[in-house]
Amino acid sequence: MNLWKLLNTNNKRTLFTTPTHSQKAPFLKELNEFYKRDLSEIEGLDNLSDPKGVIKQAQFRASEIYGTEKTLFVTQGATTAILAVMKAIIRPMDKILVARNCHRAVINGAAVCNADIDWIMPDIKNEISNNFGIYGAINPKDLENQLKLNDYKAFILTSPTYEGINSDIEAISKICKQYNTYLIVDEAHGSLYNFSSSFPKTAIQQGADFSVNSLHKNAGALNQCALLHVSKDVKNFDFDIIQKTVNLFHTTSPSYPLIANIEETINFLSSKEGLKAIDELVLNILSFKKYFLNTGYEFLEGENHDITKLFIKLKGLDGNKLSNILSEKFNIEDELNNDFGSLFLTGIGTEKSKLDKLRIALLKILDMKLELNDEPNADFQPAPLVKIQPCAALYAPYTYINKEDSELQISADSIIPYPPGFGVLYSGECIQEWHMKYLEDNVRVIKL
Ligand SMILES: Cc1ncc(COP(=O)(O)O)c(C=O)c1O
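Structure report, in brief. Since the structure is predicted, the reported quantities are computational estimates derived from the model, not experimental observations.

1. Considering the sheet that holds strand S10 (residues 336-337)
Part 1: If you trace the four strands from one edge of the open sheet to the other, you get S8-S9-S11-S10, paired in antiparallel fashion. Edge strands, defined here as strands with exactly one partner in the open sheet, are strand S8 (297-299) and S10.
Part 2: Across three bridges, the pairing between S8 and strand S9 (residues 309-314) is antiparallel. Bridging across to S9, Tyr 297 finds its partner in Leu 314.
Part 3: In the packing of helix H13 (residues 319-330) onto the sheet, contacts are made with S8, S9, S10 and strand S11 (342-345), and the angle to S11 comes to roughly 50 degrees.

2. Observations concerning a negative patch on the surface
Part 1: A contiguous patch of negative charge, built from Glu 404, Asp 405, Glu 440 and Asp 441, is present on the exposed surface.
Part 2: Following the sequence through the fold, Glu 440 ends up in the loop between strand S12 (398-402) and strand S13 (442-446).

3. Some words on the site of the ligand
Part 1: Of all residues adjacent to the ligand, which total 13 residues, the nearest are Thr 79, Asp 186, His 216, Lys 217 and Tyr 418.
Part 2: The separation between a nitrogen atom of the ligand and a polar side-chain atom of Asp 186 is 2.5 Å.
Part 3: Within the contact set of the ligand, an oxygen atom lies 2.7 Å away from a side-chain nitrogen or oxygen of Tyr 418.
Part 4: In the complex, the protein chains occlude 91% of the 390 Å² of accessible area that the ligand would expose alone.
Part 5: If you list the elements that add at least two residues to the shell around the ligand, you get helix H4 (77-89) and helix H9 (215-218).
Part 6: With three residues, H4 is the single largest residue contributor to the shell around the ligand.

4. With respect to H4
Part 1: Within H4, 11 of the 13 residues are buried, which leaves the element mostly enclosed by the surrounding structure.
Part 2: For H4, every residue scored as buried is listed here: Gly 77, Ala 78, Thr 80, Ala 81, Ile 82, Leu 83, Ala 84, Val 85, Met 86, Ala 88 and Ile 89.

5. Let's talk about unusual backbone geometry
Part 1: A cis amide bond links Ser 159 to the next residue, Pro 160, at an omega of 5 degrees.
Part 2: Residue placement: Pro 160 occurs in the loop between strand S4 (154-158) and helix H8 (169-178).
Part 3: Each neighbour pair has its own omega, and for Pro 419 with Pro 420 the value is 10 degrees, a cis peptide bond.
Part 4: Looking at where Pro 420 falls in the secondary structure, it is placed in the loop between S12 and S13.

6. Remarks on the pairing of strand S1 (residues 70-74)
Part 1: When you tally the buried positions in S1, you get four out of five residues, the bulk of the element.
Part 2: Of the strand pairs in this sheet, S1 and strand S7 (residues 226-230) are connected by five bridges, and their pairing is antiparallel. Following the sheet pairing, Thr 71 is matched in S7 by His 229.

Each value, and the rule that gives it
Residues numbered from 1 in each chain as written. Predicted model: local features only at pLDDT ≥ 70, side-chain atom pairs only at ≥ 80, totals over all residues. Heavy atoms only, no water. Pairing = 2+ DSSP bridges. Helix = DSSP H or I, 4+ residues; strand = E, 2+ residues; numbered from the N terminus. Contact = heavy atoms within 4.5 Å. Axes fitted to C-alpha atoms, helices over the stretch in contact; angles between N-to-C directions. Patch = residues over 30% accessible without salt bridge, like charges linked within 9 Å, V, L, I, M, F, W, Y side chains within 5 Å. Areas by Shrake-Rupley, 256 points an atom, 1.4 Å probe, with all protein chains shown as cover. Salt bridge = Lys/Arg side-chain N within 4 Å of Asp/Glu carboxyl O. Lys, Arg positive; Asp, Glu negative; His and termini not counted. Charge placed at Lys NZ, Arg CZ, Asp CG, Glu CD. Near = heavy atom within 4 Å. Polar contact = N/O pair within 3.5 Å; in protein donor to acceptor, adjacent residues only side chain to side chain. Buried < 20%, exposed > 50% of the residue type's maximum accessible area, 1.4 Å probe, protein only.

Below you can see the structure in the form of structure tokens.
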């Protein structure tokens, strides 16, 4: 019996338990089907924080499917999974190395763990970065040079990135093992990797110690459905601690429909229909791209790129302008854009008809004979100047000053454009000239 089936039968019992809505929507009747299954830890439904029954079995099946020691279900997004993994291995004042384009959950994790962060910048000296204004992969050589300098408890990076750039996790994991540094891969955007050879191997298959997936990002699950994977090969690690640290951050009232949704998503992805759906998605994207040959549009692509993330540019047209035209004239919304192009995310649920709409709109834009400009230079943030570590910065006293006087002062605030959700400036770092375009007239700075 799986959880979803149990949710469909248990709602027939008379429950004086939380939630007390009696499995009926008192308003918003459209949510009735969800309410019907919105149960909690009643008999037979197990307990996510101490699973012994149906949830334990589902997580065990998941660990077999992913080839992990443990795969835990998290109904609060990859954000919570990241906090839990960090707390499981990082002790106060441990040094950790973090790729600068990591999601803000990682800096929050550093604050929670009282860790000392050093940053490593992703590669920007490559054709993709030049051509699309986005970060490249983490260069294993840069990583090795950094690991030689200090004892780092963990190295944390995002792969794939929002735009689909994969780092060479196999090379990175070998280096991390050599230096006794745990490798945590934020694979939030790579939820399909376990299920198709159209993608790179998963981070865990390539030697990462821990990874997280956001099943809601492209695997067809509801928002907040996520997984935390622990490799069978983690050294010097108490496997029981991970449940304890998940419990530190996880609500004691997790949504049962979401837990069941996680289980069903994995069942679907590993079924014949799921594999077929992924194959179809990839084929549809390949044929979508063929329409743009010699049109002036360019796609971010390459050996280390995840094809489901369509970063598209029309040379000479600001990505923001492209995005506005698509939104205003065609009712199409992108995920994010920059000076170069626009990112369109696809996944389970992206049918050919949806891609057709985008294709037709993009081709119609060509007929608009828009004025095209010279390409801008890619503009990346400077290496951060860290003065105060995230935990101390949280409590540091601050004052307000004028923006004009703020250069080289220590920012009390973080600036995190979302998406993609990584900081251009974190609290505790010096404000540099480059940051001025993001600042308000009054700036909060830390008073030492
Ligand atoms: C790279 C990356 N990691 C983690 C997260 C957080 O994931 P979730 O929304 O599942 O908490 C995001 C969300 O945007 C992300 O882009």
